[in-house]
Amino acid sequence: MEHRRAVVIVCLAAVCLCTSLSCKSSTSQELDGAKVVRAFQGAVASAAEKVKPSVVFVEASTRAGADETETGRRTYRSATISVTGLAVADGGFLLVPLALKPENIERIRVWIDETEYEANLRDSDEKTGVGLLQVQDPPQLVSAVFGDSRQVQVGDFIVGVNASGKEQAFEKFLEFASVKGKVQTALLDELRTTVSYPPGGTVFVNMNGEIVAMSLGNRISLTNEIREELGRMLARAGKEDPNLITEKKKPWLGVTYAKLGDEYADAVGLPKESVLIQRVYRDSPAAQAGLQTHDLVTAVDGRKITKKGPQALGEFEKMLKPEVDREIKFSILRGGATLELAAKFQEEPKPREFRAEKIGIIVTEITDIQWYEKALDTREGVLVKQVIPGSPAATSKQFGEKTITEGNVIVKLGNVPTPNMDKFIEAVRALEKDAASVVLVTLARERHYAHEVINLQIGGRGKK
Amino acid sequence: MQTTSKRVALLALALALCLSPATIPAQQPDEEAGAKLFANVDPAVVAVQHERAGGSGFIVSSDGYIITNGHVAQGDIEADESPKAVARRITVILSNEKRYKARVIGHSLDPDVALLKIEPEEPLQTVTIGNSDTVKPGQRSYAYGMPTGLKRTLTAGIVSNVERTDLHTFTKVIQTDAAINPGNSGGPLFSEKGEVLGINTYGRGGEGLGFTIPINVAMVLKDHFMSRGYFRRAALPFFVTRYIDDELAAAIGVGDGVLIDHVEAGSLAATAGLAAGDIITEMNGRPVVAKTEAAHRDFVWALVTQPVGGQVKFKVLRKSGEQFSAVEIEGTLVEDEPAVEHGWQVGEIDELRYDDLGLGVKPVTALSRYLYGLPNVPCVRVTTVRSGSRTAKAEMREGDLVVALDDVNVGGVEEFRKELDKRLIACQQYIRFTVMRGNDVVRTAIKPYYDLKGKRVALVVPPRDAEHLETILRFFTTNGCQVSIVSSEPKVVIGSEKGKSEEVAADAQIDALDANAFDGVLIVGGKGAEAFWQQPALLQAVKNAVAAKKALGAVGTGAVVLANAEPALADKKMTTAEEYSRHLLDKGMKFTGKDVERDGNIVTTSGFDKRIIKAFLAQYRAAVLHAKE
């Protein structure tokens, strides 16, 4: 087995340090300079030391892209991806920069302390680009500690740690970097550092040894959003996230708005310095205030909207100043009359969720938001939020068509109608008591009904 | 032996016809069998070609009916802006290399079958039709084709599968390993005995997959084409069924039958009493058993091939509590809506287009609602929004459902067209649209640009047999142009593409045509326009128009009027339909042969298809805008 030793390779951005040090030739100052450098080296090393036990080497063999020929043969393209995995919770859970699909994985192997282990993909998220692995029969691992990545500033020093590979000299490498900039992208906040393209999975710690950033192969992302997704993934896997960020209360009015169309404004004779209310969600502060779809907002808290078109939207958004419990006044135009309406921001409601383990789905109540977003036909039922990978519900039928997918509404379980969450939970309990191996699910999908059969005996979290 | 006596009987019959279909005894050794087959069926297989594609076909009746694939007969649906378009110049080539012009009696894209007709001088040899219900996997089969008319190909193999359903065809299909390629697509698949088992089909959607449409299916379609020109499916709309496999059977407690997945609220099926969750166990007294996809297709085929207007009786099992009760349902079958998404009943759904607005809409059928998850509201669906157009500026999107124009409900395409045309002809400044987008109701408005507002155009129209008149008329009227229909009779027939025609009163007679009162004169084409070629008042009007530098346009045959009227136009480039070119050349005109030709304010076109007409109108409009007052 490979002999592992931790090697500290520090490539000091010597220029930075030299300029900060006095260059006057004086023995005592030079000595002081050397002390500072050594102290600095020590600080870097110990920061890295804290996270090294949590970092492991992962190798995933994948097959991608099946080309089906007329006779039904599939040809695959195989690839092997090596990344660094990060231990995040007891039980062998690792965070990896891989958003793979289970059907594309051939094998995942992990090296911990010179020993090779098999691992399974438990979950993945395409948006953040990370996945959750679980090592089979894992040894004790130290779960990593995350810091608050919002604290990272341009100019900060950070240290990257990764597990390099399984050559003769297995090493955990360090990449010392300073932060050149922060970039907000559509997906995640990214860092630009003095290190280009660190290997996938390299975790960057601040000088306190807390993880603030992670390399996803082609970019370095700040970890706060990854942590949120990790928390969700661990929750789905039935684990509590040791690092759970308490979710902040989100202020909510329950309304969507859009710009008023030019031609429509001219056609009807409406003022263009305004914003159009598009949706007013049921049981929301906006609904309670009396707002209605197609109301035209001309002023907020007594201040008139002065811009037109898309700029009016920006102006309006600045006027909203959302905060839980804040009271806000709208001047609106409706059918030729002016109205003054007052609303109060509330905390964004979280619809009730339920995890039906036996079937393998997580469902939520149907709120008005989902009724609009998913263009549902009915509010009577429960909405499938997620299908748990590897479960009976995740088994595909012929031609890879899924039986149940996110967005389906379950209206009946077996013979029991499930118009709301309570009835659904009752039906699931009844199912658990029953020894049935198959269950008929009546779904509403895209405004029509469908019947699917879930075979409760397949899938599930068995060991390989 | 049966075969021999059959032969004798047929020979007797065939005396008058001089020909008889050939059959081959099955006991002959393989090589000889193939060679004999080739020789015997050769005269009954043909090559089918047109300007865009080609394939094979086979003769099913001695007076010249030929079966081939639907896609082989399909025309340029883009150019004609109609999914119903068939190829215009189809040539059928027999094995003796004789060529015939063919017309399309009917065609369908799924099942991919077409029926053509040629007019032979003598009775032709036909194929023997087999029975695809008795085909067995493993039996020998031969695919025969004549790809380019001169090359005959015979490929041999076995029947690999008799009920393939994974190609998403309307019926199950036969699979053979005899090579099927673009050339023999549309040609017959023979049994060893030389009986046709099906139509070989290649390249559904260009995927390069070969399969065979069972001949029984083709024969049903042939009957439909001959009686009414299209495959008229029967339905009790709208419900969707699925087959019951073992797992589903265990879950619902019933093994035989089909499960109704969905019934559209308020539809005929709902009113008749069908409900989602019901299990159909009998149809018209016969048991329904569908444990596989193939059996399910058979059930659907049995339903849709019933006569429209007839009664259908179902026996269904309905669960109430833990028990099943049997319920009898009866309904009257109606004609099924077209399903262009699948190529079924090709062409009945055309898109209604407003090119200047950049808008295209289509009607919504029950199947569309099911497939796309659309709400059951009276509306039309927006299917085209051209980027940069007026419709795009109004922020309408493809997939939007238009429910009202200026608060007037529009329940279907006809209503929509009536309301929108009315407003465009009146040059209304803003037209408000109310659309549904998902569960959102969006209000917007389009501001059309009437660039021909204030312009006047005289359309010289033959009283009958005018071509593209509707397209031309709508183009001008919906652009704010004042149009005068000028003809030689008080009434003019406007034929629509759907086959319905309307009679309108002409605004003026040709005798009184004063070119100076207009910005442009456009002579519409069609066979009827030949009557105008020497019309003195018209010739004079043309001369006046030329002198006054008005926009002068001519479609197809109309160009001959220009040639006759004005020798001074001899230096102007012109075009017309190919068949009429010699009239121009005889008069010494500069015939260029292009689809659309513009020389200054003289605009002409061959008028071959709708796309060319639209290109012509764009040029003519420019000429009108530049014409002298």
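So, here is what we can say about the structure in this document. Please read all numbers here as calculations on a predicted model, not as lab measurements.

Moving on, we get to the overall build of chain B. From N to C terminus, chain B includes 15 helices and 39 strands. In chain B, buried positions account for 55% of the 629 residues. When contacts within chain B are restricted to residue pairs at least 6 apart in sequence, those whose partners lie at least 24 apart make up 61%. Of the roughly 26400 Å² that chain B leaves accessible, carbon and sulfur atoms contribute 51%.

Frequently, the measure chosen for interface size is the accessible area removed from exposure when the parts meet. Counting from both sides, the interface comprises 42 residues of chain B and, opposite them, 31 residues of chain A. Of the roughly 3000 Å² buried between chain B and chain A on both sides combined, carbon and sulfur atoms contribute 50%. Of all residues in chain B, B:Glu247, B:Asn439 and B:Arg443 give up the largest surface area on contact with chain A, accounting jointly for 22% of the area buried on that side. At the junction of chain B with chain A, the criterion picks out 4 salt bridges. Among the ionic pairs, A:Lys259 bridges to B:Glu395, the shortest N-O distance being 3.0 Å. Counting residues per element, the ones that place at least two in the side of chain B that touches chain A are strand S15 (239-243), helix H5 (246-252), strand S16 (258-263), helix H8 (366-372) and strand S28 (440-446) of chain B. A total of 6 residues in the side of chain B that touches chain A trace back to one element, the largest contributor, which is S28(B). Here the residues of the side of chain B that touches chain A are counted per class, giving 18 nonpolar, 10 polar and 14 charged.

Here the focus is the nonpolar core. Counting residues in hydrophobic clusters, the biggest one holds 34 residues, and the most contacted among them are B:Phe58, B:Val113 and B:Phe190. Tallying contributions element by element places helix H4 (residues 215-228) of chain B first for this core, with 5 residues. Of all hydrophobic cores here, the second largest spans 32 residues; its members include A:Val44, A:Trp111, A:Phe176 and A:Val205.

So, on to the packing of aromatic side chains. All names here are of chain B. Going through the model one piece at a time under the given rule, you end up with 19 aromatic pairs over all chains. Between the aromatic rings of Phe170 and Trp301, the centroid separation amounts to 6.2 Å while the plane-to-plane angle is 70°, which identifies the pairing as edge-to-face. Linking Phe170 in the loop between strand S9 (153-164) and strand S10 (173-176) with Trp301 in helix H7 (residues 293-304), this pair joins segments that are 131 residues apart in sequence. Among the residues examined, Phe170 registers a relative accessible area of 8% and is labelled buried.

Here we come to the environment of A:Glu432. All names here are of chain A. Inspection of the secondary structure assignment puts Glu432 in helix H8 (residues 421-433). Glu432 sits in the partly exposed class, given a relative accessible area of 37%. Along the sequence, Glu432 and Ala356 sit 76 residues apart, while their C-alpha atoms lie 9.8 Å from each other.

Packed helices, taken two at a time, are described by the angle their axes make and the gap between the axes. Residues and elements named next belong to chain B. At their nearest, the axes of helix H12 (residues 536-547) and helix H13 (residues 558-565) sit 9 Å apart, and the two run at 75° to each other. Put simply, H12 runs roughly perpendicular to H13. Mapping the contact onto sequence places Leu538, Leu539, Val542 and Lys543 in H12 and Val561, Leu562, Asn564 and Ala565 in H13. Residues of the contact of H12 with H13, tallied by class, amount to 6 nonpolar, 1 polar and 1 charged.

Here we come to the pairing of S10(B). Residue and element names in this part refer to chain B. Alternating positions in S10 separate into two faces, Val173 and Gln175 on one and Ile174 and Thr176 on the other, with burial throughout. For S9 and S10, the ladder comprises 3 bridges, and the chain directions are antiparallel. Each bridged residue has a counterpart across the sheet, and for Val159 the counterpart in S10 is Thr176.

Time to look at the side chain of B:Ser108. Along the chain, B:Ser108 turns up in strand S5 (residues 99-109). One polar contact links the side chain of B:Ser108 to the main-chain amide nitrogen of B:Asp110, over a distance of 3.3 Å.

Reading the values: the criteria
- Residues numbered from 1 in each chain as written.
- Chains lettered and ligands numbered in written order.
- Predicted model: local features only at pLDDT ≥ 70, side-chain atom pairs only at ≥ 80, totals over all residues.
- Heavy atoms only, no water.
- Helix = DSSP H or I, 4+ residues; strand = E, 2+ residues; numbered from the N terminus.
- Buried < 20%, exposed > 50% of the residue type's maximum accessible area, 1.4 Å probe, protein only.
- Contact = heavy atoms within 4.5 Å.
- Areas by Shrake-Rupley, 256 points an atom, 1.4 Å probe, with all protein chains shown as cover.
- Buried area = accessible area lost by both parts, 1.4 Å probe.
- Salt bridge = Lys/Arg side-chain N within 4 Å of Asp/Glu carboxyl O.
- Nonpolar A, V, L, I, M, F, W, Y, C, P; charged D, E, K, R; others polar.
- Core = buried A, V, L, I, M, F, W, Y, C linked by side-chain atoms within 4.5 Å.
- Phe/Tyr/Trp six-rings, centres within 6.5 Å; stacked < 30°, edge-to-face > 60°.
- Axes fitted to C-alpha atoms, helices over the stretch in contact; angles between N-to-C directions.
- Parallel < 35°, antiparallel > 145°, perpendicular 65-115°, else oblique.
- Pairing = 2+ DSSP bridges.
- Polar contact = N/O pair within 3.5 Å; in protein donor to acceptor, adjacent residues only side chain to side chain.

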